[in-house]
Number of protein chains: 4
Amino acid sequence: MLKKLTEEKLSELLETGIAEFAEKGLDGANVNTIAKKAGISVGVLYKYYENKEEFFHACLRKSLDILKSVLNEVTQSNDKLLVRAERMIRAVQDYSKEYGVYIKMYNRIASENGRKYVSMYAAEIESMTARVYTEFIERAIKDGDIRNDINPRLFAFFFDNLLTMLQFSYCCDYYTERARVYCKEDFDNDEMIVSELLKFIESAFTFSRSEIVHRDQM
Amino acid sequence: MLKKLTEEKLSELLETGIAEFAEKGLDGANVNTIAKKAGISVGVLYKYYENKEEFFHACLRKSLDILKSVLNEVTQSNDKLLVRAERMIRAVQDYSKEYGVYIKMYNRIASENGRKYVSMYAAEIESMTARVYTEFIERAIKDGDIRNDINPRLFAFFFDNLLTMLQFSYCCDYYTERARVYCKEDFDNDEMIVSELLKFIESAFTFSRSEIVHRDQM
Amino acid sequence: MLKKLTEEKLSELLETGIAEFAEKGLDGANVNTIAKKAGISVGVLYKYYENKEEFFHACLRKSLDILKSVLNEVTQSNDKLLVRAERMIRAVQDYSKEYGVYIKMYNRIASENGRKYVSMYAAEIESMTARVYTEFIERAIKDGDIRNDINPRLFAFFFDNLLTMLQFSYCCDYYTERARVYCKEDFDNDEMIVSELLKFIESAFTFSRSEIVHRDQM
Amino acid sequence: MLKKLTEEKLSELLETGIAEFAEKGLDGANVNTIAKKAGISVGVLYKYYENKEEFFHACLRKSLDILKSVLNEVTQSNDKLLVRAERMIRAVQDYSKEYGVYIKMYNRIASENGRKYVSMYAAEIESMTARVYTEFIERAIKDGDIRNDINPRLFAFFFDNLLTMLQFSYCCDYYTERARVYCKEDFDNDEMIVSELLKFIESAFTFSRSEIVHRDQM
DNA sequence: TATGAATGAGAATTCATTCAT
DNA sequence: AATGAATGAATTCTCATTCAT
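Residues numbered from 1 in each chain as written. Chains lettered and ligands numbered in written order. Predicted model: local features only at pLDDT ≥ 70, side-chain atom pairs only at ≥ 80, totals over all residues. Heavy atoms only, no water.

Moving on, we come to the environment of Asp 173 of chain A. Mapped onto the elements of the fold, Asp 173 of chain A is located in helix 9 (residues 173-183). Along the backbone, Asp 173 of chain A and Ala 35 of chain A are 138 residues apart, and their C-alpha atoms lie at a distance of 25 Å. Leaving out residues up to four positions away in the same chain, Asp 173 of chain A has contacts with Lys 104 of chain A together with Glu 112, Asn 113, Gly 114, Arg 115 and Val 118 of chain B. (Helix = DSSP H or I, 4+ residues; strand = E, 2+ residues; numbered from the N terminus. Contact = heavy atoms within 4.5 Å.)

To continue, consider the domain arrangement of chain A. Residues and elements named next belong to chain A. The assigned domain composition of chain A is domain 1 (1-48) and domain 2 (60-208). Listed per partner, the contact involves 12 residues of domain 1 and nine residues of domain 2. Among the residues domain 1 hides against domain 2, the three largest losses belong to Glu 15, Ile 18 and Ala 22. Together they make up 50% of the total. On inspection of domain 1 and its partner domain 2, the count reaches three salt bridges. When its residues are assigned to classes, the side of domain 1 that touches domain 2 shows six nonpolar, two polar and four charged. (Domains from an automatic or database assignment. Buried area = accessible area lost by both parts, 1.4 Å probe. Salt bridge = Lys/Arg side-chain N within 4 Å of Asp/Glu carboxyl O. Nonpolar A, V, L, I, M, F, W, Y, C, P; charged D, E, K, R; others polar.)

The next subject is the arrangement of the chains. When C-alpha atoms are compared, chain A and chain D, though not in contact, are closest at a spacing of 13 Å. Regarding chain B and chain D, the two do not touch, and the least distance separating their C-alpha atoms is 32 Å.

Before going further, it helps to spend a moment on the relation of the copies chain A and chain B. Superposition of chain A onto chain B requires a rotation of 179 degrees combined with a translation of 0.0 Å along the rotation axis, giving an RMSD of 0.3 Å. Such values leave the two copies arranged in the relation of a two-fold axis. Mapped onto chain B, 100% of the interface residues of chain A again fall at the interface, so both copies present the same surface. (Least-squares fit on C-alpha atoms with pLDDT ≥ 70 in both.)

With that settled, consider the environment of Gly 144 of chain B. Position of Gly 144 of chain B among the secondary structure elements: in the loop between helix 7 (116-142) and helix 8 (152-171). Sequence separation of Gly 144 of chain B and Glu 53 of chain B is 91 residues, and the distance between their C-alpha atoms is 49 Å.

Here we take up helix 8 of chain B. Counted at 1.5 Å a residue, the expected span for helix 8 of chain B with its 20 residues is 28 Å, and the 29 Å between its end C-alpha atoms agrees. The element helix 8 of chain B is largely enclosed, with a buried count of 19 among its 20 residues. (Expected span 1.5 Å × (residues − 1). Buried < 20%, exposed > 50% of the residue type's maximum accessible area, 1.4 Å probe, protein only.)

With that settled, the discussion passes to the relation of the copies chain C and chain D. Here chain C sits on chain D after a turn of 179 degrees about the axis and a move of 0.0 Å along it, with an RMSD of 0.3 Å. The share of interface residues of chain C whose copies in chain D are also at the interface is 99%, consistent with both copies meeting through the same surface.

Let us now look at the pattern of salt bridges. All names here are of chain A. Counted according to the given criterion, the structure contains 88 salt bridges over all chains. With a closest N to O distance of 2.7 Å, Arg 90 and Glu 191 form a salt bridge. Taken as a pair, Arg 90 in helix 5 (residues 81-98) and Glu 191 in helix 10 (residues 190-206) lie far apart in primary sequence, 101 residues in all. The exposure class assigned to Arg 90 is partly exposed, which follows from its relative accessible area of 26%. According to the relative accessible area criterion, Glu 191 is partly exposed, its value standing at 47%.

Encoded structure:
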């Protein structure tokens, strides 16, 4: 073809790489195939990226950057916790279709073991949400919006766990099937997912053990 | 006698395979290396398994079977929901050390995409817990132990999501690092994890929106 | 073929490698071609040798070992210097046909630049002859066999230079052509080469400058 | 003006090529790297040279031409043989530093085997010195300056062999190490090399076998 | 005319799979 | 039946060469 590699061609290469790596993983994907699908020669790929692994990391990084920017947008708000929670759940539902591959990539790296870079990615990616969520919970406690007998960091952790699994459920084959096993046709009912998950979360954040105890029964 | 030896050998082969596949994945692991580590020849491996993928599935199956039997043991109980929840959380903590590789394998298959067998595994593995959890929640509702304004299947789903993420956090590199980013040193405090997670779950299951509304304001 | 790689097959592989490397050099030779010519698969080659360079070194080493053993045989003697010199010249003539490739390999490594291992080979290979020649000259001086106004090490060096060039002249394309340019048809007259080279050497070793001076004229 | 620039550029390209080929050989050197180092595009390189090999030959030719002109300068003289020999030895010492790369290139081609052009180069390069040396020796014999029982062509050959090896010893890694193994620290003593080599040569040329025989006994 | 990005054939290396022993 | 050496297709990566700009 011998046409100057435009910005968009390069972007297409990354997208193709992401699609392949998301499906087959670092080892399973084939560099030549990716190049061919992207409409370029292997040569260019290797002009831009030292080797397969570096290219994989570029794909990963792009995926994570996109996810991060989406996340950033969504977490930006001064609303109360439950309002934010609802916004985030809906964001997960909305973006999961469009950004599915990026979430698959995120899922890929999250299932890698024994690679040095794994913990680096974790530290980088999770730090932002961990901080945002934790601070928000701390402020809500101070404001008396939610109960004060909880460990903010751990509750932030549980909250993110629920969102993460929801993401995976919408994007990754296994988790989608799993969600369907649990939720049946309700999994396709976005509104129900939102309302039930909110229900789950809001009580968790709102009631203290003492209240539970003195009313009790379970 | 000879058969016994073979069975042992075969079991060792599977364990070795699990260890390798858990670390490197289907494509990253090396069949010859596995055979050597297991102390057998590749020849026997191929006598028992058609090809690499089939052997991988055998490893996967064994992993999942073990996890299933552990799970089965733990979910067997007539206790009330929170008692069971606590037992399960503690089970996750206890078994995560011993059965780490199996959970890694579970995580592997869960991050696979575009493979027909993925949804089959999901259906098989998740069905049991989905049914058990859902039934239990339904009974708890009927017994008036927990609130009655929830969708049992979805709540079972959320509950399992929390447990699944806890498992991964204890066993898989990325999730461990992620948990540490969120929980800091508290992640090493098993009791705190138990109590906070229980706190999170129990309110979720115990209080109804109406109660929240009439008391409140979040 | 799937036939156990015998000692001789391995030896054949080395010989094939030597032949290829002698002709085309480390970079120019093709591992797949060598394997095919040797009648084995690339796989075995890589079972025995880490990579192309290591295989090249194995070929080099074999070549040098053979040359060394031949040299060792020839330098073993208690004869006087000129007798030994003659024996060596004749050895060069005799063995050059049979061991031509090994000498080509020697010539290859001798023309390599900027590789760490080059000086290691030089030190290893040349040390033996350097010591033998030098000691022999020292002893000849002490015995009064040859003149005593010379630096034994340097004369050993010059002597070996003449023999080395003679070797190359018999075995390496360029040097053969060069020898023919100088010597014309006399290059094919082995006896003449022997007698003239001996003539050249014997005077060099026998007469002192003082003798030259007092007779003088040049 | 523009042509001037091009000629300079072209010369620089050749010099860069020589440096690279001298270090890495025809197969080891990289055309793109050479062009980049020379500050031109590969395009021009291929405008001037059909392909890599042709460019290599251009580099080789330039190297040999320079060596030839140097040699020509040095061999031009009416002095007696030993005076000329001394001049040549000193020339080798002086020029080896400055013209090291060209000698390395000479060494490269001299170690090539199985290529048709090799013998052409040999014929061309060696003819001049062979003729000059031989004629000079013949004249010296006729003039009674040196002994008359020698084959002029062979003696010219031996003489050139010594000079050639001296050149290599000063310029090529392997031969330098080899020279050091033989000569130890004396190899850095230029004057000693000159005087000892002259000693070696002068006797070789001056004394006849009959003289050796009737005085002697080695 | 000069450039150097792009090409893609070719070379090194790996490893799933076979099968002679 | 078990072994594991041998196979060679497949994959990664390089670099001589081309040609649109």
